Protein chains: 4
Amino acid sequence: MTGTAPDVGRLVVSCTDRPGIVACVSSFLYRRGANIVQSDQYSTGPVGGRFFLRVVFRLPGLDKELPRLEREFREEVTVRLGADFRFRAASAPTRVALFVSRYDHCLLDLLWRARRGELPIEVCQVVSNHPDLAGEVAAFGVPFEHVPVTRATKPEAERRQLDLLRGRVDLLVLARYMQVLSGGFLDRIGVPVINIHHSFLPAFAGAGPYERAKERGVKLIGASAHYATEELDEGPIIEQDVVRVSHRASVRELTRRGADIERTVLARAVAWHCEDRVLVNGRTTIVF
Amino acid sequence: MTGTAPDVGRLVVSCTDRPGIVACVSSFLYRRGANIVQSDQYSTGPVGGRFFLRVVFRLPGLDKELPRLEREFREEVTVRLGADFRFRAASAPTRVALFVSRYDHCLLDLLWRARRGELPIEVCQVVSNHPDLAGEVAAFGVPFEHVPVTRATKPEAERRQLDLLRGRVDLLVLARYMQVLSGGFLDRIGVPVINIHHSFLPAFAGAGPYERAKERGVKLIGASAHYATEELDEGPIIEQDVVRVSHRASVRELTRRGADIERTVLARAVAWHCEDRVLVNGRTTIVF
Amino acid sequence: MTGTAPDVGRLVVSCTDRPGIVACVSSFLYRRGANIVQSDQYSTGPVGGRFFLRVVFRLPGLDKELPRLEREFREEVTVRLGADFRFRAASAPTRVALFVSRYDHCLLDLLWRARRGELPIEVCQVVSNHPDLAGEVAAFGVPFEHVPVTRATKPEAERRQLDLLRGRVDLLVLARYMQVLSGGFLDRIGVPVINIHHSFLPAFAGAGPYERAKERGVKLIGASAHYATEELDEGPIIEQDVVRVSHRASVRELTRRGADIERTVLARAVAWHCEDRVLVNGRTTIVF
Amino acid sequence: MTGTAPDVGRLVVSCTDRPGIVACVSSFLYRRGANIVQSDQYSTGPVGGRFFLRVVFRLPGLDKELPRLEREFREEVTVRLGADFRFRAASAPTRVALFVSRYDHCLLDLLWRARRGELPIEVCQVVSNHPDLAGEVAAFGVPFEHVPVTRATKPEAERRQLDLLRGRVDLLVLARYMQVLSGGFLDRIGVPVINIHHSFLPAFAGAGPYERAKERGVKLIGASAHYATEELDEGPIIEQDVVRVSHRASVRELTRRGADIERTVLARAVAWHCEDRVLVNGRTTIVF
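Residues numbered from 1 in each chain as written. Chains lettered and ligands numbered in written order. Predicted model: local features only at pLDDT ≥ 70, side-chain atom pairs only at ≥ 80, totals over all residues. Heavy atoms only, no water.

Within chain A, the secondary structure is distributed over eight helices and 13 strands. Taking 2.2 N^0.38 as the reference for a compact globule, 288 residues should give roughly 19 Å; the C-alpha atoms of chain A span a radius of gyration of 21 Å, in line with that estimate. Dimensions of chain A, computed from the C-alpha atoms along their principal axes, are close to 60 × 40 × 35 Å. A total of 288 residues make up chain A; the buried ones form 61% of that total. Once local pairs closer than 6 in sequence are excluded, the contacts in chain A between residues at least 24 apart make up 66%. For chain A, the accessible area works out to roughly 11200 Å², and carbon and sulfur atoms hold 52% of it. Here chain A holds 40 positive side-chain charges and 35 negative ones, and the gap between their average locations is 3 Å. (Helix = DSSP H or I, 4+ residues; strand = E, 2+ residues; numbered from the N terminus. Rg over C-alpha atoms; globule rule 2.2 N^0.38 Å. Buried < 20%, exposed > 50% of the residue type's maximum accessible area, 1.4 Å probe, protein only. Contact = heavy atoms within 4.5 Å. Areas by Shrake-Rupley, 256 points an atom, 1.4 Å probe, with all protein chains shown as cover. Lys, Arg positive; Asp, Glu negative; His and termini not counted. Charge placed at Lys NZ, Arg CZ, Asp CG, Glu CD.)

Moving on, we get to helix H5 (residues 154-165) of chain D. All names here are of chain D. A rise of 1.5 Å per residue sets the reference length of H5, with its 12 residues, at 16 Å; its end C-alpha atoms lie 16 Å apart and thus fit the reference within 8%. Among the residues of H5, those classed as buried are Ala157, Glu158, Gln161, Leu162, Leu164 and Leu165. The arc enclosing the buried residues of H5, seen along the axis, measures out at 160°, which places them on a common side. Along H5, the residues that are exposed and aim more than 90 degrees away from the buried face are Glu156, Arg159 and Asp163. Buried residues belonging to H5 abut strand S5 (94-100), strand S6 (121-128), strand S7 (144-146), strand S8 (171-174) and helix H6 (183-189). Two residues or fewer after H5 comes Gly167, characterised by a positive phi angle close to 75°. (Expected span 1.5 Å × (residues − 1). Arc of directions from axis to C-beta.)

Our next topic: the interface of chain D and chain A. Listed as interface residues are 18 residues of chain D and, on the opposing side, 18 residues of chain A. Where chain D abuts chain A, roughly 1600 Å² becomes buried across the two surfaces, and 52% of that area is made up of carbon and sulfur atoms. In this assembly, chain D and chain A are joined by zero salt bridges. Mapped by element, the contributors of at least two residues to the side of chain D that touches chain A are helix H1 (21-31) and strand S2 (35-43) of chain D. Ranked by residues supplied to the side of chain D that touches chain A, first place goes to S2(D) with seven residues. A breakdown of the residues in the side of chain D that touches chain A according to their chemical character gives seven nonpolar, seven polar and four charged. (Buried area = accessible area lost by both parts, 1.4 Å probe. Salt bridge = Lys/Arg side-chain N within 4 Å of Asp/Glu carboxyl O. Nonpolar A, V, L, I, M, F, W, Y, C, P; charged D, E, K, R; others polar.)

Moving on, we get to unusual backbone geometry. Along the chain, A:Leu201 connects to A:Pro202 via a cis peptide bond; the corresponding omega equals 5°. In this structure, A:Pro202 sits in the loop between strand S9 (193-197) and helix H7 (209-216). One non-glycine residue, D:Arg176, lies in the positive phi region at around 65°. Locating D:Arg176 in the fold gives a position in the loop between S8 and H6. Relative accessible area serves as the criterion here: at 5%, D:Arg176 is assigned to the buried category. If you check the backbone angles, D:Phe204 has positive phi at about 55° while not being a glycine. Residue placement: D:Phe204 occurs in the loop between strand S9 (193-197) and helix H7 (209-216).

At an RMSD of 0.0 Å, chain D and chain A line up after a rotation of 180° and a shift of 0.0 Å along the axis. The operation mapping one copy onto its partner corresponds to a two-fold rotation axis. In this assembly the copies share their binding face: 100% of the residues contributing to the interface of chain D also contribute to that of chain A. (Least-squares fit on C-alpha atoms with pLDDT ≥ 70 in both.)

Bringing the packing of H1(D) against helix H2 (residues 62-81) of chain D into the picture now. A pair of packed helices can be characterised by two numbers: the angle between their axes and the separation between those axes. Residues and elements named next belong to chain D. At a minimum axis separation of 11 Å, H1 and H2 run at an interaxial angle of 155°. On the basis of their axis angle, the class for H1 and H2 is roughly antiparallel. Judged by the sense of rotation from one axis to the other, the crossing of H1 with H2 is right-handed. Here Ile21, Cys24, Val25, Phe28 and Arg31 of H1 lie close against H2, whose contacting residues are Leu69, Glu72, Phe73, Glu76, Val77, Arg80 and Leu81. Its residues assigned to classes, the contact of H1 with H2 shows eight nonpolar, no polar and four charged. (Axes fitted to C-alpha atoms, helices over the stretch in contact; angles between N-to-C directions. Parallel < 35°, antiparallel > 145°, perpendicular 65-115°, else oblique. Left-handed = near helix turned anticlockwise from the far one by under 90°.)

This paragraph deals with the domain arrangement of chain A. Residues and elements named next belong to chain A. Segmentation of chain A into domains returns domain 1 (8-89) and domain 2 (94-287). Between the C-alpha centres of domain 1 and domain 2 the distance comes to 31 Å. At the junction of the two partners, domain 1 supplies 10 residues and domain 2 supplies 10 residues. Roughly 860 Å² of surface becomes buried between domain 1 and domain 2 when both sides are summed, with 49% attributable to carbon and sulfur atoms. Of all residues in domain 1, Phe52, Arg54 and Arg88 give up the largest surface area on contact with domain 2, accounting jointly for 55% of the area buried on that side. (Domains from an automatic or database assignment.)

All names here are of chain D. Taken in spatial order, the seven strands make up an open sheet running S7-S6-S5-S8-S9-S10-S11, and their pairing is mixed. Edge positions in the sheet fall to S7 and strand S11 (237-244), since each has one partner strand and no second. The sheet shows a mean angle of 20° between the axes of neighbouring strands, taken without regard to direction. Pairing geometry for S8 and S9, over three bridges, is parallel. Bridge pairing in S9 places Val173 opposite Ile194. The sheet contacts of helix H8 (residues 251-274) involve S5, S6, S8, S9, strand S10 (220-227) and S11, and relative to S11 the element is tilted by about 150°. (Pairing = 2+ DSSP bridges.)

The next subject is the environment of B:Arg166. All names here are of chain B. Counting through the fold element by element, Arg166 comes out in the loop between helix H5 (154-165) and strand S8 (171-174). By relative accessible area, Arg166 is classed as exposed at 54%. Measuring from C-alpha to C-alpha, the distance between Arg166 and Leu254 comes to 37 Å, with 88 residues separating the pair along the chain.

Our focus in this paragraph is the sheet that holds strand S10 (residues 220-227) of chain B. Residues and elements named next belong to chain B. The strand order across the open sheet formed by seven strands is S7-S6-S5-S8-S9-S10-S11, and the pairing between neighbours is mixed. Single-partner strands in this sheet number two, and they are strand S7 (144-146) and strand S11 (237-244). Across the sheet, the axes of successive neighbouring strands diverge by a mean angle of 20°, strand direction being ignored. Here strand S5 (residues 94-100) runs beside S8; their pairing, made up of four bridges, is parallel. Considered in S8, the bridge of Leu98 is made with Val173.

In this numbering, the UniProt entry assigns the feature "active site" (unreviewed entry) to A:Asp233. With respect to the element layout, A:Asp233 can be found in the loop between strand S10 (220-227) and strand S11 (237-244). With a relative accessible area of 5%, A:Asp233 lands in the buried category. Apart from residues no more than four positions distant in its own chain, A:Asp233 is found in contact with A:Asn195, A:His197, A:Leu201, A:Ala205, A:Gly206, A:His226 and B:Arg216. (UniProt positions renumbered as here; feature names shortened; annotations may be inferred.)

A few words now on the pattern of salt bridges. With the rule as written, the count across this model stands at 122 salt bridges over all chains. A salt bridge links C:Arg115 to A:Asp104; its shortest N-O distance comes to 3.9 Å. Of this pair, C:Arg115 sits in helix H3 (residues 105-115) while A:Asp104 sits in the loop between strand S5 (94-100) and helix H3 (105-115), each in a different chain. Using a relative accessible area of 12% as the deciding quantity, one classes A:Asp104 as buried. A salt bridge links D:Glu136 to B:Arg115; the shortest N-O distance between them is 2.7 Å. Here B:Arg115 lies in helix H3 (residues 105-115) and D:Glu136 lies in helix H4 (residues 134-138), a pairing that spans two chains. Take B:Arg115: its relative accessible area is 39%, and that puts it in the partly exposed class.

Rendered as structure tokens:
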């Protein structure tokens, strides 16, 4: 985020739970002069459960120290705890690609928030299966690529998308991209993929959620941001929210009102992901 | 509701939509000296759709006038519009039976709201398949009947329940009653049945919604009040609400937090039903 | 709103409450072939109170019929009821001017909603006391005027603003305009003025609401859209909403999170005003 | 809370912020065989700010170990950090007195929740300036004392209240107690006092908040739980929530709807306080 101090770092750890992890990690940081600013932890169970930790710390000269921190953490701590871990400078923006079809609300909302420094991201590329939003995206100074997708051309289109993004991004966000990505694409992209679905999952997974919400007569409609997996709308949920609706709302009005929830939920999910707040635990997430 | 003026009446009408319904109904009331206090209407479509109307009016001496109003409305208006309609004095409480198992929160909340005059109901009978809550109910001066239910005794138990309630109630509320009522029971009971389900339907219909919410990692849990039909958890939804939860909440904590939503949602649904605000339209409801 | 049928009209009436108003108005419309689509009413008291009515109706050839409707309504109904009233074609957009300073979120949100046909408005002019947002506004094809304001030049600046808008707009929206408009300006502008204040009024009226929210340690921050009056932040409230915050949020983060509430609340207030849903009743509003 | 494992303890620490606090505390616990289950921290500023820490840990045989833990923590840690701290067994219930006037909703809600094991409290005494709720309270097996208060008898009444509670309670909760407690009483009671105010403070502090909400035409009403201080309605806020209302709601209906928010907000505040989640920081609170 704009204004994040250059000496703020984040450490994320996950490992099998056992006594002494916090003491071990906090001592490691203290001995190197790092001051813990925030710390969150969660365990799925004290015996044999999985332990998750996110630490925010200040360390003067962080940029230069990071490689050494990582090496020493691996040597001193990982060896004992068998932990997965990740260090990151809070000032380093996440490089993001956005996929979109024709609805502009999620795309514009992310571009606005990025421009005003509200999200710790750098949008590197927008890809769409329609040309409609090229002008909008150009106004933000972000490259736009039109990659049409038909049933026949989908494999080739996905190859082109992969070529465009390879090594350039840390995160792919599907900002109302109305095509299903293949399992092969998700394997090869090599970075997390966040999708926004326009219902409060697991209700109305799949196509036409607002139509089905109208038919069922629900009194709340919602949106869910989740990590995309090969099983459609089944990936770990990051964030959800809802808004109250009445019998008066047509499908068209549900779609409009839902759009406000979609963009808010997606923006929160992207922010939290990029601040290393979201840790995947099987089919679910821990959000610190 | 305590304090409802004795001269306030309600009229609910539904019919095929056509021009002039409001003019016809409002002129009918005006000519009899009734002053319209509130009026809500909804149409599923201007041509061939279904029209729904709820009117609240004041008419001095309402109690004596009601039979004449009904007869004349049938003769003058129904003949022209082919409408279903219902007149009711707002001061007439709805006679309610409550079915409950072991969880007390919905039961106590309704009994307490009824006692303080917050709901326009008179609770005539509580029936439970467990004896646990007999003392609680007695403290409110309401008859309690323990009707045990096993797979083998269910038909007999339902006969006993029907005998208890026949002609004595206008509404049956399932306040966390953990038995499924048979289609035959629902047919014979002859009054609307409101159920509270502990999820935001259609998500987690059926058994164990909090367990399944935990497994799926949703970020909101909810409750839904709906009219009971033979298809479990598929009846028209009256009201829903949700509360935010995090990964930290165990199933036990979800159950606790959900209880607060359940009792609130059920109390709203019962209040709205008894104020003639809820009109069924196929699988959905109109809530004025 | 885009897609509003050309034959839909709205009628808003307010008068002293008395029996027969609904019958009188609905008969008037029925005799002219108008079909009532929606009707809302409210009375501050049955005896001597003020009665408010909003009717949406369909009438083929509405555009041509409106002048005649108005004339006849005045002659036939107003004479009897002593009512204020206003007819309007739902398809006629409200002409809007936006005043803004440096914060762009409310401005962009309204421009974007107007472009996608979500608000029944036509933005005719943007005026700012800073030049910063000229490029943004130009991208929407809307005229932008930079009118600097200092303590010394304020009278002249207000004259220039009035010259710009005179006769061209039906509504002025202060979309985070950080200057106080004089009573003289509000008198002369001759159209309603909607302001967005960044707190849940009456809490934190005046300057620096987020700073004061932080100091007081509130657990919710909010925004309020209200009609501007000469008394700062005291005008009738149209809409409010809040969002939960914790002790962790700095003033900067409160400002960011609040921005999402501000733009949502302002967009709702503008939509409702332009759909003739908001009726002023002394210091308060009725929102149908 | 019912079911809390007997070996779970909590440690709350506050001190001037400086590097190494987390390392110091976590090492102290680790060396004594305690496993950290949850840890939350907050600092008002890295340099010269105030640091707050809440740690939940498991330690076999906690009950016997607590006195030694406290002594050693004082000797080893407090000496170095100059910290305030408090150890507590999570299984030890907080002893609570409830003060109430005539409204029963907050009182009953706390008694219900305590009875079903939802709150980690033991209600030792109810005191009221009216006799009305004696029967209700008796049904829960809790002592009820009627202490009338008039302007003239207030000093004597407060003495009697102090005599009743002295040494018997850890927390006093004002569950809609409509008398102002004197500064002298608050000094002498010697335990924290939580009050529920029926508005979203700082809006409508003082008397008649629902009346004033109606006059001002707000679109949300709320409730605030806060620590009572000598300055009325100015103490540190623990929790707040709101509910949407419309112009239709009378003061009576605002009062009813507000009651649901009041009891929910108060129950949350009491739960959090008794779980040692609430730390006072000047005029504000930190809620972990």
